[in-house]
Amino acid sequence: MKIGILTSGGDCPGINATIRGVGKTAINNYGMEVIGIRNGFSGLLHKDVIELTDASLSGILNLGGTILGTAREKLFRKMINSPDEADRETIKQCYNELGLDCLVCIGGNGTQRTTWMLSELGLNVVGIPKTIDNDVWGTDVTFGFDTAVNIATEAIDRLHSTASSHRRVMVIELMGHHAGWIALNAGMAGGADIILLPELGYNMKVIIDKIKSRVEQGKAYSIVVVAEGIDIHGGNNERPAIYFAREIEAQTGIETRETVLGYIQRGGSPSPADRNLGTLLGGHAADLIHRGQYGKMSAIIDNKISEVPLSEVAGKLRLVTHDTPLVEQGKRMGISFGI
Ligand code: F6P
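Bear in mind the structure is a predicted one, so any value in this text is a computation, not a measurement.

A. Seen up close, the overall build of the protein. Helices and strands together make up the secondary structure of the protein, namely 12 helices and 11 strands. Rg of the C-alpha trace for the protein: 22 Å, near the compact-globule value of 20 Å for 339 residues, within the 12% margin. Scored against the burial criterion, the 339 residues of the protein give a buried share of 53%. Contacts in the protein between residues far apart in sequence, at least 24 positions, make up 72% of those at least 6 positions apart. Taken as a whole, the protein presents about 14,100 Å² of accessible surface, with 49% of it coming from carbon and sulfur. Each charge class in the protein was averaged separately, 33 positive and 38 negative side chains, and the resulting centres sit 3 Å apart.

Here is the structure:
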């Protein structure tokens, strides 16, 4: 059997561990031939591929990013949805010309949706969930998330000492476009006083009252964690950290500073947990191919390695809710979610 592996969407720590997990299991356990497709789905169209061997898959376990390169896949998805049947035929032709028996697509929500569309076209595909945001539906966790939470928690830890020295409010903006999992987990682990998540919304008066009541209790500084995807009332294009810092300073009179952590959360070496998660998800993808279980996404369900049909994953998001245990526990301890 010959399989192809591609990575699509935003990169994250742990992709290379996953490529290695798929490739080494496919080669050593199942005797499959493996190729890597460069730069996401566009590499499939351009047949831009490299051979992956046991030797070439060595030494990449701890590397950040993706050795295959990645890209957002808007154009490719347009081709699948095109009214012109010839576009879909081109995709199938490229797959066939590469001599593939299965294509493994490593990516987030958008990628899993595209992978499902390919499965609907009749191609043999298997998905593997990947994103720092941890919002892929159908799996309890995605690799990249643990590393991002570690980086973000360290950043919040570092803000504490400077916030306390200057008696300031520090607002830190973390990644998470639709889902606030990074902000929730890093905020709780970093001892934030206020955590603002896209899913829960916010009331500015609640935020201001919380900061003022901390001052009355003799707590001269506050740490506010905000997820980048929160909807700022007024709908301007300003970064949430800048908006909240300005409003808090204006309404409390306390000196306030903002930090936008940005792509640092996505870069660098994966945590041991993410390496092992990618290794397990990758190995299971090779098992699914061996068993002919196409159209599935490798997943962790109730702490066990498992799989879920791509048809169930496509178009959905896994989001924080009011009864997420960490939210409930935070509220019980007096941490404000701005609501
Ligand atoms: O999905 C991961 C993520 O890092 C989001 O948290 C963020 O909103 C987005 O990707 C940034 O995307 P891009 O790499 O296209 O700037």
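B. Expanded view of the domain arrangement of the protein. Taken domain by domain, the protein consists of domain 1 (2-144 + 270-313) and domain 2 (146-266). If you look at the interface, domain 1 gives 14 residues, while domain 2 gives 12 residues. Note on domain 1 versus domain 2: buried area summed over both sides is about 990 Å², and carbon and sulfur give 50% of it. A salt bridge links Arg266 to Asp11; the shortest N-O distance between them is 3.0 Å. Counting the contacts that link domain 1 with domain 2 gives 7 residue pairs in polar contact (both at pLDDT 80 or more).

C. Main features of the pairing of strand S11 (residues 304-309). Where strand S10 (residues 296-301) lies against S11, 6 bridges are found, and the strand directions are antiparallel. Bridged to Ser298 within S11 is Glu307.

D. View of the layout of surface pockets. As a volume, the largest pocket reaches approximately 890 Å³. Lining the largest pocket are 37 residues; nearest its centre among them are Gly10, Arg72, Asp133, His177 and His178. Put simply, the parts of the chain that give the lining of the largest pocket at least two residues each are helix H3 (74-81), helix H5 (109-120) and strand S6 (169-174). Here the lining of the largest pocket takes 5 residues from H5, the largest share from any one element. Here the residues of the lining of the largest pocket are counted per class, giving 8 nonpolar, 15 polar and 14 charged. When residues of the lining of the largest pocket are sorted by domain, at least three fall in each of domain 1 (2-144 + 270-313) and domain 2 (146-266).

E. Molecular detail of the site of the ligand. As a matter of local geometry, the ligand sits amid Arg72, Thr131, Ile132, Asp133, Met175, Gly176, His177, Glu228, Tyr263 and Arg266. A distance of 3.3 Å separates an oxygen atom of the ligand from a polar backbone atom of Gly176. Take Tyr263: an N or O atom from its side chain is 2.4 Å from an oxygen atom of the ligand. For the ligand, the protein covers 71% of the area, taking 400 Å² as the surface of the free molecule. When grouped by side-chain class, the residues that make up the shell around the ligand number 3 nonpolar, 3 polar and 4 charged. Composition of the shell around the ligand by domain shows at least three residues from each of domain 1 (2-144 + 270-313) and domain 2 (146-266).

F. Spatial organisation of the side chain of Asp135. For Asp135, the location among the structural elements is in the loop between strand S5 (125-129) and helix H6 (145-166). The side chain of Asp135 is buried and forms no salt bridge, while Arg318, the nearest opposite charge, is found at 7.6 Å. In this structure, Asp135 is in contact with Asn109, Ala179, Trp181, Leu317 and Arg318, ignoring residues within four places of it in sequence.

G. Molecular detail of the pattern of salt bridges. Following the criterion strictly, the structure yields 15 salt bridges and no others. Glu255 is the salt-bridge partner of Arg257, the closest N and O atoms lying 3.6 Å from each other. Taking relative accessible area as the criterion, Arg257 reaches 34% and is therefore assigned partly exposed. Looking at Glu255, the relative accessible area reads 37%, which means it is partly exposed. The structure contains a network of salt bridges with shared partners spanning Arg168, Glu255 and Arg257.

Thresholds applied
Residue positions within a chain follow its written sequence, with the count starting from 1. The model is predicted, so local features are restricted to residues of pLDDT at least 70 and side-chain atom pairs to those at 80 or more, both for listing and for counting; the totals for chains, interfaces and linings are taken over all residues. Calculation of side-chain values draws on the structure's entire complement of heavy atoms; hydrogens and water are dropped beforehand. By the criteria applied, helices consist of DSSP H or I runs no shorter than four residues and strands consist of E runs no shorter than two, each listed in order from the N terminus. Two things to know: the radius of gyration comes from C-alpha atoms, and the globule rule equals 2.2 Å times the number of residues to the power 0.38. Throughout, exposure labels follow a simple rule: accessible area from a 1.4 Å probe, protein chains only, divided by the maximum for the residue type, with under 20% read as buried, over 50% as exposed, and the rest as partly exposed. Contacts are assigned to residue pairs that have any heavy atoms within 4.5 Å of one another. Here the accessible surface of atoms and residues is derived via Shrake-Rupley with a 1.4 Å probe, and residues count as covered only by protein chains that are part of the display. Charge assignment in this entry is limited to Lys and Arg as positive and Asp and Glu as negative, and neither His nor the chain termini are counted. We put the charge of a Lys on NZ, of an Arg on CZ, of an Asp on CG and of a Glu on CD. An automatic or database domain assignment is the source of the domain bounds shown. Accessible area that two parts lose when put together, evaluated with a 1.4 Å probe and summed over both, is termed the buried area. Take a side-chain nitrogen of Lys or Arg and a carboxyl oxygen of Asp or Glu: if they are within 4 Å of each other, that pair is a salt bridge. Under this definition, polar contacts are N or O atom pairs within 3.5 Å; protein pairs additionally need one hydrogen-donor-capable and one acceptor-capable atom, and for neighbouring residues in sequence, both atoms have to be side-chain atoms. Two strands qualify as a pair provided that DSSP identifies no fewer than 2 bridges between them. Think of a 1 Å grid over just the protein atoms. A cavity is a set of points where a 1.4 Å probe fits yet cannot get out, a pocket is an open set with protein on both sides within 12 Å along at least five of seven lines, and lining residues have an atom within 4 Å of a point. Grid points are joined across faces, edges and corners, and a volume is the space filled by probe spheres set on the points. Residues are grouped as follows: nonpolar covers Ala, Val, Leu, Ile, Met, Phe, Trp, Tyr, Cys and Pro; charged covers Asp, Glu, Lys and Arg; every other residue, Gly included, is treated as polar. Each residue is tested against the molecule or strand, and it is near if at least one of its non-hydrogen atoms lies within 4 Å.

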